[in-house]
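Tertiary structure, described
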Amino acid sequence: MAIHVSFKPGKKQSMEAAYYFNTAAEEVMDSVLESLTPWQYLISLQDGSSIRLRIWSSKEFEESEMEEILDRLRGLHENIKDLVFGPRNRQRIRSAVEDWLTVKHDGNTFFLEQWDASTTSDVGSEPELSLCVMGGRVAMMSTNTLMFSQLNDDVHGLSIAVQGSYLLEQDQGKDDPRMLRRAS
């Protein structure tokens, strides 16, 4: 899958794009959440810490499925740290987005919020990460430094705080309309 990356720099651009991407994501999220049931999880990690997850899904996840979700969360957090704090590089963006768009989780659809385990109430606090997976692919991801959203089937938006925004267009191997066919 080829991903074409367009970038607009600037703090103001990142804020405006994040707002637009969030608005687009809210429309999708409303219809997704209606058909799903919320489940609460408190998960103890190997390092002794814990995370609290609220997951809207069609069924409660089994332990093996939760392990896959935790692996994906680790990968997403690494991607976020790399994209926000690492050097700006279009190939890093492409690699991260290709991973996000790879079908995982048996193609399931769910919405997840990750909360600090030390908070016992969601009142007045924001989740550390919000994630919408549709058909096993990341359709929306939001933190306080990054907003990623599917805008239509092959177009996604990514806003990174202070840096700017990216428009990501997938090429599914279709003929490029800018290219002519060679005579055979």
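Everything numeric here is computed off the predicted structure, so don't read it as measured data. (Residues numbered from 1 in each chain as written. Predicted model: local features only at pLDDT ≥ 70, side-chain atom pairs only at ≥ 80, totals over all residues. Heavy atoms only, no water.)

Let's talk about the side chain of S130
As for its position among the elements, S130 is in strand β5 (residues 129–134). Using a relative accessible area of 12% as the deciding quantity, one classes S130 as buried. In contact with S130, other than residues within four places in its own chain, are F111, L112, E113, M140, M141 and S142. (Helix = DSSP H or I, 4+ residues; strand = E, 2+ residues; numbered from the N terminus. Buried < 20%, exposed > 50% of the residue type's maximum accessible area, 1.4 Å probe, protein only. Contact = heavy atoms within 4.5 Å.)

Looking at the pattern of salt bridges
Inspection of the entire model under this criterion finds 7 salt bridges. In this structure, the salt-bridge partner of K12 is E16, at a minimum N-O distance of 3.8 Å. Residue K12 and its partner E16 are located together in helix α1 (residues 11–34), separated by 4 residues, close to a single helical turn. The exposure class of E16 is partly exposed, given its relative accessible area of 45%. A salt bridge links R92 to D82; the shortest N-O distance between them is 2.1 Å. Taken together, the positions of R92 in helix α3 (residues 90–100) and D82 in helix α2 (residues 63–85) put the pair 10 residues apart, joining distant regions of the chain. (Salt bridge = Lys/Arg side-chain N within 4 Å of Asp/Glu carboxyl O.)

Considering the environment of E78
One can find E78 in helix α2. With relative accessibility at 48%, the residue E78 sits in the partly exposed group.

Digging into a negative patch on the surface
Together, E26, E27, D30 and E34 line one region of the surface with negative charge. Among the secondary structure elements, D30 is positioned in helix α1. (Patch = residues over 30% accessible without salt bridge, like charges linked within 9 Å, V, L, I, M, F, W, Y side chains within 5 Å. Areas by Shrake-Rupley, 256 points an atom, 1.4 Å probe, with all protein chains shown as cover. Lys, Arg positive; Asp, Glu negative; His and termini not counted. Charge placed at Lys NZ, Arg CZ, Asp CG, Glu CD.)

Regarding the confidence of the model for the protein chain
Averaged over every residue, the pLDDT of the protein chain is 87; the share at 70 or more is 90%. For residues 175–182, every residue scores under 50 in pLDDT, and the model assigns this stretch 2 contacts once sequence neighbours within four places are set aside. (pLDDT = per-residue confidence, 0-100.)

Some words on the nonpolar core
If you look at the biggest cluster of nonpolar residues, it comprises 34 residues, and the most contacted ones within it are L53, L73, W100, M141, F148 and L158. Of all the elements, α2 adds the most residues to this core, at 8 residues. When residues no more than four places from it in sequence are discounted, the contact partners of L158 are F21, L83, I93, W100, L146, M147, F148, G164, S165, Y166 and L168. Counting 12 residues, the second-largest nonpolar core is a separate cluster that includes A17, M29, L36 and M140. (Core = buried A, V, L, I, M, F, W, Y, C linked by side-chain atoms within 4.5 Å.)

Considerations on unusual backbone geometry
Phi is mostly negative for residues that are not glycine, and the peptide bonds are mostly trans. The backbone of D106 shows a phi angle near 55 degrees, a positive value even though the residue is not glycine. Summarising the element assignment, D106 is placed in the loop between α3 and β4 (110–116). By relative accessible area, which is 71% here, D106 ends up exposed.

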